[in-house]
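# Residue-level structural notes
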Amino acid sequence: MTDIPTTGAPQAAPVPAADPATSPTGHPATHPAARPATGPATGLGTAVTASRDCPACGTANPAASSFCEECGADLVVAPRASAVVSGLPHAATPTGAATAPTDPDGAVLTSATPQTAPAGEESPLDVGWTGAVPSAAVVPADDEPTCQACGQGRIVDGYCDQCGTPPPNPRDHLVESPTTWVGGVCDIGRRHARNEDAMSLSASDGPGSRAVLVVCDGVSMATDSHIASLAAAQAARAALDQPFPKGAGTPDAWAAGAGRALTGAVTRANEAVAAAVEDVPNPPSCTLAAAVVEDDVIVAGNVGDSRVYWLPDAADEPATQLGRDDSFAQEQMAAGIPRLEAETGPHAHSITRWLGRDAPEDLTPHLTTMRATPGWLMVCSDGLWNYCSEAEDLRSLLHDASARLDDVTPTTVAQALVDFANEQGGRDNITVALARLAGRGSSTTTEATASAAPVEGDPTDG
Amino acid sequence: MADFTAEVFQNEFLPDGGTDVHAIVRVTSTGASAATASAGLSDPGSAAEVILIDTSGSMGRRGVQAAGDAAKAALAEIVDGTLFSIVSGNGTAQIVYPYSHQGALVPMSAHTRGEANRAIEGLRANGGTAMGTWLTLARQIFETVPYVTKRHAILLTDGVNEGETQASLQAAVASCVGAYQCDCRGVGDQWRVDEVRGIASALLGTVDLIPAPEEMAAEFEAMMRASMSRGIANSELRVWVPQGAELLFVKQVSPTLEDLTSRRTVVNPLTGAYPTGAWSDESRDYHVAVRLPARTLGQEQLAARVQFSLGGDPVAQALVKAKWSNDDSLTTRIDPAVAAYTGQAELATVIQEGLAAKAAGQDDVATAKLGRAVQLADSTGNDEMTTRLKKVVEIDDADTGTVRLKKGASKMDEMSLDTASTKTSRVRR
């Protein structure tokens, strides 16, 4: 499937850009109709004729031909697409009747009589119609998608019949923008064959009102950890979508309830992983990092080495990692070895706790609760922090990246950070989820600063 | 109706910068022989057989007598209704049966079989050997029945093709490619394996040695029975590779080694077809090698689509894939089937080159090549080939391939090793 939500930001797509001008082909230019999304709107009305002209070599073939007798090029896709396009200008009459080729296959077979939408359901595009507009109607049917890599072939048996490239796996690059103040990007990176990171986000519309950000990183030493990470992320997010108990209504009571909810979500996620995977000797496993925002108060927790960062706008307020890694590197740092050395050492990426069938008994996350000031809440996998670990450095990186963006949204900033990690080598899968918090407490200038400092409450180590 | 399956054996993982993808594609047919059997009597005109018998002077009275008995044994196997013809060859070729007024081919029946047997009795040894003329006559016979798709010939010879130039034989063979299939058998030790192998290979047939004339009948019977069991004709292997890729080679690697690369006909710019002849219920393995422009790590590509097609319609296909990975544990593994057949192909090459060097008097080259053959056969547990090699060389150390050429090794043993070199042992999955 190709319905990846797109953003304005440049994408680190794992496949070469679908620019036909750069495709390695000695063939003459493809018939414009073969690329309906980019082809001109005019001059395509001749495709449905008694003979089928080959879009590749120009040979005239009998009308019933599926493939060119001269070069073997596919003759079905091009006329199909152009047939639909060519029907559109007919509908652009002053009466404003809209085309509604609801069934692309039907539209192909009966392209001579374009269907019109029922009165009152005309497309607003029909007003002042100037030509064909790329739409779902001109996208070839599901069974015959065109190749995104070379723009020439059809996908047959899961691969392009011209260049052999499979359609991109939607999991290789996922963008989520549940609302204006929450967004994230999950990317395969440049070196891995599979994206074993998973991300699950939810948010309500009111900025700072409620959001759940979950990032899981499949453990690459185990097989099929992409299944584990996705199951864990979705289960944790579903659990955290439930409102926290209000309790006595005090901040402490809220923090206690939120902490229990987060711990419970980790348990649900662990159960989901166990249910999703086979019982094998080296079972799929993953990390989990989650943050929940409720009325500008943050609760964060993690198991493994995926991280939650708080990156406040105010320079005098420190940027911090909320919680800490369950990793060999973290243990070394605790023993006094400098962060850079520990995180680049031989076993830096060995984690000491994880979710999965062979998970350790104690899965209580490293919990932190804090009240937000204006700033960015980030949940990310090591694919990002491998290249920028210190919270202060990450804040600078984020601010620099934002400054270069025309349109600063959580999603565009997350994409910019993913791009950064890919530019550094993209050695691992990269996931960046962000929530932009205005810090309602601070905006009313009363109680904010007092409670802004993170309060780490970690039952596991007292 | 025949069913075909195709399965692929490969390691799809390539290292960073890796370009070459090797895969073994196994095509298996079931119900192919039933296509004939279920019809009971062969539909007249659905198949044609021509038997080419060497009647050169060197065959002698005894040889021709045995060849005649062999031809009779073959006739007994031909299913009633099948068109057939018997040709005797020396410096020229003549149709022995059917008689001239009956045309070039007649349907098999009890009557025609009896007439043919009597005609064979009249064969006499005389003259030279010009196999090109025999093959050309066979082609002309088959051309009288253009509607017959399953065309098969058996060629028997006992000597070197001295009655015509090498170029003339090559031209005759070339003119017969695609016209019919031809299994070739050499009797005695006076024929040249490479010469006859060239004919059999080009005409999609087998080559083998018949040590003594008395063994001809059994061999002919078996060959004809195999041919009769083949119910599927006009099959081909189609190989698609992506734009920008180079198809390095296509080889049949089982049951025999046959390099098909040069037999490509163009289906479309990305797809070539390779003829695979007639099929019975059997399984054949093909080694396909493709060179791709390296992609970045993590990317995947279809490296080849291998289809088995009948009359132009694909009936089975296998996908050969490429995935670039930085995981050495994945990329360094060589698929066992690819490794085994690569080894067997090298074994065949060094045996043939070794024997050729020995025949040319280059004993040091022959010793090195056959030593390598011993080493390969030993390391892959190919006991049959080791046994054959032992008749030609004295093995000092199989591990290192240290051998001495055997004094007084018989010509027949060398020829037997040569003809056996292209027979491969099936790689189990």
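Now for a quick tour of the structure. Owing to the predicted nature of the structure, the values given are computational and were not obtained by experimental measurement. (Residues numbered from 1 in each chain as written. Chains lettered and ligands numbered in written order. Predicted model: local features only at pLDDT ≥ 70, side-chain atom pairs only at ≥ 80, totals over all residues. Heavy atoms only, no water.)

## A look at the overall build of chain B
On a plain count of helices and strands, chain B comes out with 12 helices and 20 strands. For chain B, with 429 residues in total, the buried portion stands at 55%. Long-range pairs, those at least 24 residues apart, make up 74% of the contacts in chain B with a sequence separation of at least 6. (Helix = DSSP H or I, 4+ residues; strand = E, 2+ residues; numbered from the N terminus. Buried < 20%, exposed > 50% of the residue type's maximum accessible area, 1.4 Å probe, protein only. Contact = heavy atoms within 4.5 Å.)

## As for the overall build of chain A
Secondary structure assignment for chain A yields 11 helices and 18 strands. When burial is assessed residue by residue, chain A has 49% of its 462 residues classed as buried. Considering only intrachain contacts with a sequence separation of at least 6, the fraction spanning at least 24 residues in chain A is 66%.

## Focus on the sheet that holds strand β13 (residues 320-322) of chain A
All names here are of chain A. Overall, antiparallel pairing links the six strands, which are arranged β5-β6-β17-β16-β12-β13 in an open sheet. Edge positions in the sheet fall to β5 (173-179) and β13, since each of these pairs with one other strand and no more. Each strand of the sheet is rotated relative to its neighbour by a mean of 20 degrees, with strand direction disregarded. The pairing of strand β16 (residues 375-380) with strand β17 (residues 430-437) spans six bridges and is classified as antiparallel. Residue pairing for β17: tryptophan 376 is matched across the bridge by arginine 436. Helix-sheet contacts for helix α9 (residues 410-423) involve β5, β6 (182-187), β16 and β17, and the interaxial angle to β6 is about 25 degrees. (Pairing = 2+ DSSP bridges. Axes fitted to C-alpha atoms, helices over the stretch in contact; angles between N-to-C directions.)

## Focus on the interface of chain B and chain A
At the interface, 19 residues of chain B touch 23 residues of chain A. Carbon and sulfur atoms make up 44% of the surface buried where chain B meets chain A, a total of about 1,700 Å² over both sides. Counting the surface chain B buries against chain A, the share from its top three residues, Gln243(B), Leu297(B) and Arg305(B), is 29%. One can count two salt bridges joining chain B with chain A. With a closest N to O distance of 2.4 Å, Asp157(A) and Arg305(B) form a salt bridge. Counting the contacts that link chain B with chain A gives nine residue pairs in polar contact (both at pLDDT 80 or more). Where the side of chain B that touches chain A is concerned, the elements lending two or more residues are β17 (300-310) and β18 (313-324) of chain B. For the side of chain B that touches chain A, the element with the most residues is β17(B), which contributes four residues. Broken down by class, the residue content of the side of chain B that touches chain A amounts to seven nonpolar, seven polar and five charged. (Buried area = accessible area lost by both parts, 1.4 Å probe. Salt bridge = Lys/Arg side-chain N within 4 Å of Asp/Glu carboxyl O. Polar contact = N/O pair within 3.5 Å; in protein donor to acceptor, adjacent residues only side chain to side chain. Nonpolar A, V, L, I, M, F, W, Y, C, P; charged D, E, K, R; others polar.)

## Thoughts on the side chain of Arg307(A)
Residues and elements named next belong to chain A. Following the sequence through the fold, arginine 307 ends up in strand β12 (residues 307-312). At 2.8 Å, the side chain of arginine 307 forms a polar contact with the side chain of tyrosine 309. Here aspartate 325 takes part through its side chain, which lies 2.6 Å from a polar atom of the side chain of arginine 307. Contacts of arginine 307, omitting those with residues within four sequence positions, involve Ala289, Gln321, Asp325, Arg339, Glu343, Met378, Val379, Cys380, Trp385 and Ser389.

## A look at the nonpolar core
Residue and element names in this part refer to chain B. Counting residues in each nonpolar core, the largest one holds 34 residues, and the members touching the most others are Val50, Leu52, Leu135, Leu155, Tyr180, Cys182 and Ile199. Of all elements in the fold, only β4 (47-54), β5 (83-89), α4 (131-143), β8 (150-157), α5 (166-176), β9 (181-187), α6 (193-202) and β10 (207-210) reach the threshold of two or more residues within this core. With seven residues, the top contributor of residues to this core is α4. The contact partners of isoleucine 199, leaving out residues within four places of it in the chain, are Met131, Leu135, Leu169, Val173 and Cys184. (Core = buried A, V, L, I, M, F, W, Y, C linked by side-chain atoms within 4.5 Å.)

## Examining unusual backbone geometry
Excluding glycine, residues mostly have negative phi values, and the peptide bonds linking residues are mostly trans. For the bond from Tyr97(B) to Pro98(B), the omega torsion is 0 degrees, close enough to zero to count as cis. Relative to the helices and strands, Pro98(B) is located in the loop between β6 (93-97) and β7 (106-107). Residues Ser254(B) and Pro255(B) are joined by a peptide bond in cis, for which omega reads 5 degrees. Its place among the elements puts Pro255(B) in the loop between β12 (246-254) and β13 (258-259). Residue Asp296(A) is not a glycine yet carries a positive backbone phi of 65 degrees. Topologically, Asp296(A) is positioned in the loop between β10 (288-294) and β11 (297-303). By relative accessible area, Asp296(A) is classed as buried at 3%. With a phi angle near 55 degrees, Leu204(B) is a residue other than glycine that sits in the positive phi range. As for its position among the elements, Leu204(B) is in the loop between α6 and β10. For Leu204(B), a relative accessible area of 27% corresponds to the partly exposed category.

## Let's talk about the packing of aromatic side chains
All names here are of chain B. Going through the model one piece at a time under the given rule, you end up with seven aromatic pairs over all chains. Aromatic side chains phenylalanine 4 and tryptophan 279 sit 6.0 Å apart centroid to centroid with 75 degrees between the ring planes, which places their arrangement in the edge-to-face category. Remark: tryptophan 279 occurs in strand β15 (residues 271-279) and phenylalanine 4 occurs in strand β1 (residues 3-10); sequence separation between them is 275 residues. Residue phenylalanine 4 shares its accessibility class with tryptophan 279, and that shared class is buried. (Phe/Tyr/Trp six-rings, centres within 6.5 Å; stacked < 30°, edge-to-face > 60°.)

## Side note on α9(A)
Counting along an α-helix, one turn takes 3.6 residues, and residues three or four places apart therefore face a common direction. Residue and element names in this part refer to chain A. Helix length check: α9 (14 residues) gives 20 Å between terminal C-alpha atoms against 20 Å at 1.5 Å per residue, within 8%. For α9, a buried count of 13 out of 14 residues is recorded, marking the element as mostly surrounded by other parts of the structure. Of the residues flanking the end of α9, it is glycine 425, one or two places downstream, whose phi is positive at about 135 degrees. (Expected span 1.5 Å × (residues − 1).)

## Notes on the sheet that holds β18(B)
Spatial ordering of the open sheet is given by β2-β18-β17-β11-β15-β14 (chain B), a layout of six strands whose pairing is mixed. At either end of the open sheet lies a strand with only one pairing partner, and these are β2 (13-14) and β14 (265-268) of chain B.

## Considerations on the pairing of β14(B)
Residue and element names in this part refer to chain B. In this sheet, β15 lies alongside β14 in antiparallel orientation, the contact comprising three bridges. Bridge pairing in β15 links threonine 265 to alanine 273. The hairpin formed by β14 and β15 contains two residues between the paired strands.

## Here we look at the side chain of Ser235(B)
Residue and element names in this part refer to chain B. Its location among the elements puts serine 235 in strand β11 (residues 232-240). By relative accessible area, serine 235 is classed as buried at 4%. Among the polar contacts listed, one links the side chain of serine 235 to the side chain of threonine 276, at a separation of 2.5 Å. Excluding its chain neighbours within four sequence positions, the residues that come into contact with serine 235 are Pro275, Thr276, Gly277, Trp279, Phe308, Ser309 and Leu310.

## A short note on the pattern of salt bridges
The tally for this structure, following the rule as stated, stands at 38 salt bridges over all chains. Put simply, Asp20(B) and Arg291(B) hold a salt bridge, and the shortest N to O gap is 2.8 Å. In this pair, Asp20(B) is assigned in strand β3 (residues 20-30) and Arg291(B) in strand β16 (residues 283-291), connecting sequence segments 271 residues apart. Looking at Arg291(B), the relative accessible area reads 36%, which means it is partly exposed. Look at the salt bridges and you will find they share partners, linking Arg307(A), Asp325(A), Arg339(A), Glu343(A) and Glu390(A) into a network.

## As for the packing of helix α2 (residues 60-77) of chain B against helix α7 (residues 216-229) of chain B
All names here are of chain B. Where α2 contacts α7, the axes come no closer than 8 Å and their chain directions differ by 30 degrees. As summarised for this structure, α2 and α7 are arranged roughly parallel, according to the angle between their axes. As for how α2 packs across α7, the hand of that crossing is right-handed. Of the residues in α7, those in contact with Gly63, Ala66, Ala67, Asp69, Ala70, Ala71, Ala73, Ala74 and Glu77 of α2 are Met216, Ala217, Phe220, Glu221, Met224, Arg225 and Met228. Among the residues forming the contact of α2 with α7, the class breakdown is 11 nonpolar, one polar and four charged. (Parallel < 35°, antiparallel > 145°, perpendicular 65-115°, else oblique. Left-handed = near helix turned anticlockwise from the far one by under 90°.)

None of the figures reported here should be taken as evidence of function without further support.
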